[in-house]
Amino acid sequence: MPEKKTITIALAGNPNSGKTTIFNNLTGTRQKVGNWPGVTVEKKEGLIQKFGYDLKIVDLPGTYSLTPYSIEEIVARDFVLEESPDVIIDIIDASNLERSLYLATQLREIDCRVLFALNMADLASSHGTKIDAGKLSDLLDVPVVFTVGNRNEGMDNLIKEAIKLAESSPDTSNNRNVKYSKDIENAISKIQELIERKAAEKVNYKSRWTAIKLLENDKIVKERFADKAGIPGQEILKETEVLRKYLLSTFDEDSEIVMTDDRYGFIAGIIKEVQTTTVKQRVDVSRNIDLVLTNRFIGFPIFIFFIWAMFQITFNLGAYPMDWIDSGVALLSSYAGSILPESLFKDLLINGIIGGVGSVIVFLPNILILFFCIALLEDTGYMARAAFIMDKIMHLIGLHGKSFIPMLMGFGCNVPAIMATRTLESEKDRILTILITPFMSCSAKLPVYIVLAGTFFAAKAGNVIFSLYLLGILISIISGRLFRSTLLKGIDAPFVMELPPYRIPMLRSLMIHMWDRSKMFLRRMGGVILIGSVIVWALSAFPRNVEYSRDYSSEIKQADESFNIKIAVADEKDKEILKTEKIAAVSEMEKLMSAEKTEKSYMGRIGKWISPVFEPIGIDWRGSVSLLTGFFAKEIVVSTLGVLYSTEGSDDKDALTNALKSSEMTNLSALSMMVFVLLYLPCLATIATIRKETASFKWTVFSIIYSTSVAWVASFCVFQGGKLLGLQ
Amino acid sequence: MLLSELKEGETGIIVRVGGNGALRRRILEMGIVKGTKIYIDKYAPLKDPLELIVKNYHISLRVEEAAQITVEKVQQQD
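None of the values given here were measured: they were computed from a predicted structure.

Student: Would you mind going over a nonpolar patch on the surface in detail, with residue names and values included?
Tutor: Residues and elements named next belong to chain A. Together, L291, V292, F297 and I298 make up an exposed nonpolar region whose accessible area comes to about 410 Å². Residue placement: L291 occurs in helix 11 (residues 285-293). Residue classification places L291 among the exposed positions, given a relative accessible area of 53%.

See below:
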């Protein structure tokens, strides 16, 4: 047995080149999904054993180029430069050879070991495009392997070639590079010579590549070069500036533009030699589908239908397993309740841990289904079409067409909605979308509206609730525009988007996609939610020994005894009535007791303490306590109100309504409270997701503070404005 | 004329890609370079963005972006 050696293989390629499929084929379910350090670009890797080697396969983000304009490109390039994988497999979509070669020539320039996987050549040839792989391999001095990703063909060959390449001696004579225009080549040689003479030992990148990047005015390379090369580096940079100015005057264009042109010129030459196109009158299925799906008249209705269907499936179909999980959690906590002795630990376990984690794990079915749907939209190619038809509208808020899906999902639940922002390529778009999505009124807020609007606006409740939804949308649009012109300034992400051909999705890839995301949700969210639940529980469970204003237990005892005496002397008929009365009296007392307990818990004290903040917006201390508990999950606002108005557990459905009606709450303060619930800080699960998806503490805190301030100001306007208008 | 002035079903040859910075570079990198044939497949239902066919694949640009690209209209030969 030869000694085992770990070979790192990186997969590079354009988006939609079939890279993910090949990665899935190679690694199967042995994948590890995480994020690239510091950014939210997904990093996938898998460890496999093959032909006596340990292979580490890393899936680089799909990019069209390696110029560092997007995070994906920076991530991909840095991996190639800094981690120096043993082999890079560049997956080339055979039906898109010309554009694919752009990335290929850049990889070639870095001078790493590259292998081409010519993917889906069968499809290309059936469309009339034949590629001479031998010639391509010769011209670029790169081994070429044929693969058909979706039929799992050519994978072993690919691995074999990769191992062979990794074991070969590094080739030093690389003369199959792009040849740029004469003036550019001269400038490159000059810089290259300077680097080799003055800074060679300090800079670990290849000198020609460094020279090219400096001439292209590549910010990242320039910074690193200046860092490493010291004073001679400064001289070289100055010299480069001079050369760039000279080239600008010669070509009347920046060097990097001329060089891009030159690369495509070089590629055009290769294409002419290796690709033959027999013009066949072919039926383009994709275009025929698009005639319908992006049709001027029915494009939108179809889009709306798909979104509607996705929404229905996610939240309605998801409601069944949600119920099962819910009852499972309830069963678990009642089981724990029955076997454990009364103790603080029992309370923590049942109300803190099981209750808290249980309230989050119920989202799992939603997340599974939603990500399945999103994977379906992406893998078929429809997502790009959805962005295509929605872009005009989203662009008004300064967003990309793709932001539409997460924002819409926000009406259901913000957790999967924010996770769905992963489909956005630009980080700014992603953060902006994450910041404004929580204003979409999520389904957990609906019970609050139903109770409050139902109580105070009766017949007009529907209109009030509808207006709240509109207000949420309006605030998110205003916020979007505001952020775009302030915090997240900069040019909108250009809408240079490929519309890939429609493909039949592979179930396996859909399942992997869905499972990856959900696993991440379970694992990472578990920790945060667990801690958060315990904190919230502790705040409402402590202090244990509340000093009650009345001696409830002896009063309960007294009532109990006095009823027992009455029952003892009463006749048969009255006994039953008295028994019911006894139960009612005792439970009344117990409710008062639990209301006082909540009032005096830390949560209640905090609520009372901050209630001056809520006074100007017409919310009393009960309201503020329930809003605080709503941080845990929005629907809890209702149950806390129930506890505080001592109606919890009442059989009378209208108990809370009656209690609210007889309280000091007015129509105006109820409206103000609903507006506040609509806009204020997202729930714990959402905050954890925001933290996770923005990978930034700063943005998370900002989101909390911003939404809460907006909520307060909006409620203030409603309440004080309403008062000025003489409303009640 | 500008790429955004072509109508659905018309073809142009790219004369110059204007604009600046990242966007321009990005457009060029996607293969929309001087001398390339570009076909207007369709406009989105709201007239923006538009779908183009270039180098045998479909790409979408916003109208404002397409307005940075100068083309020469190719007369249809059927």
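Student: So what's going on with the packing of helix 5 (residues 133-140) of chain A against helix 10 (residues 255-274) of chain A? Which residues, and what values?
Tutor: Residues and elements named next belong to chain A. Closest axis-to-axis distance for the helix 5/helix 10 pair is 9 Å, and the angle between their directions is 145°. Classified by chirality, the crossing of helix 10 by helix 5 is right-handed. Within the contact between the two elements, helix 5 uses K135, L136, L139 and L140 and helix 10 uses F266, I270, E273 and V274. A per-class count over the contact of helix 5 with helix 10 returns six nonpolar, no polar and two charged.

Student: Any chance you could break down the interface of chain B and chain A for me, citing the residues and the numbers?
Tutor: Each partner contributes residues to the interface: chain B has 37 residues there, and chain A has 46 residues. Taking both partners together, chain B and chain A bury about 3,600 Å²; carbon and sulfur atoms supply 55% of that area. At the junction of chain B with chain A, the criterion picks out eight salt bridges. With a shortest N-O distance of 2.6 Å, R287(A) and D41(B) are connected by a salt bridge. Remark: the boundary between chain B and chain A carries 19 residue pairs in polar contact (both at pLDDT 80 or more). Mapped onto the side of chain B that touches chain A, the elements with two or more residues apiece are helix 1 (21-29), strand 2 (37-43), strand 3 (50-54), strand 4 (57-61) and helix 2 (63-66) of chain B.

Student: An account of the nonpolar core is needed here, citing residue identities and associated values.
Tutor: All names here are of chain A. Counting 92 residues, the largest nonpolar core has F303, M673 and L679 as its most contacted members. Ranked by the residues each element gives to this core, the list is headed by helix 16 (residues 382-395), at nine residues. Non-local contacts of F303, meaning those with residues more than four positions away in its chain, are made with Y382, A386, I389, M390 and F404. Formed by 87 residues, the second largest nonpolar core is a distinct cluster that contains L103, L237, L243 and I257.

Student: Hey, could you go over the side chain of R244(A) for me, with residue numbers and the actual values?
Tutor: All names here are of chain A. Topologically, R244 is positioned in helix 9 (residues 219-251). Under the relative-accessibility criterion, R244 is labelled buried at 9%. Contact partners of R244, with chain neighbours within four places excluded, come to L214, L215, E216, N217, D254, S255 and E256.

Student: Explain the packing of aromatic side chains to me, using residue names and the numbers behind them.
Tutor: Residue and element names in this part refer to chain A. Overall, the coordinates contain 16 aromatic pairs over all chains when judged by the stated rule. Ring geometry for Y102 against Y264: centres 5.0 Å apart, planes inclined by 15°, an arrangement best described as stacked. Taken together, the residues span a long stretch of sequence, with Y102 in helix 3 (residues 97-110) and Y264 in helix 10 at a distance of 162 residues. When sorted by exposure, Y102 lands in the same class as Y264, which is buried. Ring geometry for F483 and F702: centres 5.6 Å apart, planes at 65°, overall edge-to-face. Of this pair, F483 sits in helix 21 (residues 461-485) while F702 sits in helix 31 (residues 697-724), and the two are 219 residues apart along the sequence. Overall, F483 belongs to the buried group, its relative accessible area being 1%. By the ring-pair criterion, three or more aromatic residues cluster together here, those being F439, F483, W699, F702 and Y706. Positioned over the ring face of W621 is K608, at 4.7 Å from the centre of the ring. One Lys or Arg, K698, reaches over the ring of W699 and ends 5.2 Å from the middle of that ring.

What counts and how
Residues numbered from 1 in each chain as written. Chains lettered and ligands numbered in written order. Predicted model: local features only at pLDDT ≥ 70, side-chain atom pairs only at ≥ 80, totals over all residues. Heavy atoms only, no water. Patch = residues over 30% accessible without salt bridge, like charges linked within 9 Å, V, L, I, M, F, W, Y side chains within 5 Å. Areas by Shrake-Rupley, 256 points an atom, 1.4 Å probe, with all protein chains shown as cover. Salt bridge = Lys/Arg side-chain N within 4 Å of Asp/Glu carboxyl O. Helix = DSSP H or I, 4+ residues; strand = E, 2+ residues; numbered from the N terminus. Buried < 20%, exposed > 50% of the residue type's maximum accessible area, 1.4 Å probe, protein only. Axes fitted to C-alpha atoms, helices over the stretch in contact; angles between N-to-C directions. Left-handed = near helix turned anticlockwise from the far one by under 90°. Contact = heavy atoms within 4.5 Å. Nonpolar A, V, L, I, M, F, W, Y, C, P; charged D, E, K, R; others polar. Buried area = accessible area lost by both parts, 1.4 Å probe. Polar contact = N/O pair within 3.5 Å; in protein donor to acceptor, adjacent residues only side chain to side chain. Core = buried A, V, L, I, M, F, W, Y, C linked by side-chain atoms within 4.5 Å. Phe/Tyr/Trp six-rings, centres within 6.5 Å; stacked < 30°, edge-to-face > 60°. Lys NZ or Arg CZ within 6 Å of the ring centre and 35° of its normal.

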